[in-house]
Amino acid sequence: MTDKPESGPGVLAAAQAALAAEHAAVYAYGIVGARVAGERAPEARTAYAAHHARRDALTRTVRALGGTPRPSEAAYALPAPVRTTADAERLAAGVEDRVAGAYSDLVRAAEGPLRREAADALTAAALRAARWRGGGVAFPGLVERSERATTS
């Protein structure tokens, strides 16, 4: 993320929310990496590294915005038990959806380089989610809206 982001209403809160999503993603990919095998294992390692780097960058961004970076939790509740490769792939897709949602809020709140970086992070999360899921969603970062549209 950028060293000196432009701040506006809600930027710090959105950056903190994205940081929290990245903390959770780093935790979840530790579990995903332990459950996937074969050709998916390098993908899990790459995603873990990407989330780790974005988490560190967001920590710097929150500080630059004058905030105290939200710390990670000791553990995070998972939406379902992760016993198989398929469970791990579902977890990874869900994590990426949540990360994309957090970055979509940061895109709306931020301006300038921080907005561009948030948009890049949203895109990366949406692409990873599509790879894990085997297909994309209509509105990456706005999964609840896309799910409502397909069930209406």
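Residues numbered from 1 in each chain as written. Predicted model: local features only at pLDDT ≥ 70, side-chain atom pairs only at ≥ 80, totals over all residues. Heavy atoms only, no water.

(A) Examining the pattern of salt bridges more closely. Counted by the stated rule, this structure contains nine salt bridges. Measuring nitrogen to oxygen at the nearest pair gives 3.5 Å for the salt bridge that ties R131 to E43. Placement of R131 in helix 4 (residues 112–133) and of E43 in helix 2 (residues 40–64) is noted, with a sequence separation of 88 residues between them. Residue classification places R131 among the partly exposed positions, given a relative accessible area of 47%. In this structure, R133 engages D97 in a salt bridge whose closest nitrogen and oxygen atoms are separated by 2.3 Å. Taken together, the residues R133 in helix 4 and D97 in helix 3 (residues 85–109) connect sequence positions 36 residues apart. By relative accessible area, R133 is classed as partly exposed at 37%. Among the residues examined, D97 registers a relative accessible area of 16% and is labelled buried. What emerges from the salt-bridge pattern is a single network uniting R40, E43, E89 and R131. (Salt bridge = Lys/Arg side-chain N within 4 Å of Asp/Glu carboxyl O. Helix = DSSP H or I, 4+ residues; strand = E, 2+ residues; numbered from the N terminus. Buried < 20%, exposed > 50% of the residue type's maximum accessible area, 1.4 Å probe, protein only.)

(B) Spotlight on the confidence of the model for the protein. Here the protein shows a mean pLDDT of 89. Residues at 70 or above account for 83%. Segment residues 144–152: pLDDT under 50, and three contacts once partners within four positions in sequence are set aside and those in other chains are kept. (pLDDT = per-residue confidence, 0-100. Contact = heavy atoms within 4.5 Å.)

(C) The side chain of D87, seen in detail. By the element assignment, D87 lies in helix 3. Sequence-distant contacts of D87, defined by excluding residues within four places in its chain, comprise P81 and V82.

(D) Region of the structure containing helix 2. End to end, helix 2 covers 36 Å across 25 residues, agreeing with the expected 36 Å (1.5 Å per residue, within 8%). Taken residue by residue, helix 2 has R40, A41, A44, A47, H51, R55, A57, L58, T59, T61 and V62 as its buried positions. Where helix 2 is buried, its residues meet helix 1 (11–35), helix 3 and helix 4. (Expected span 1.5 Å × (residues − 1).)

(E) Region of interest: the nonpolar core. Counting 37 residues, the largest nonpolar core has Y29, V32, V95, V99, Y103, L106 and W132 as the members making the most contacts within it. Of all the secondary-structure elements, those providing two or more residues to this core are helix 1, helix 2, helix 3 and helix 4. Here this core takes twelve residues from helix 3, the largest share from any one element. (Core = buried A, V, L, I, M, F, W, Y, C linked by side-chain atoms within 4.5 Å.)

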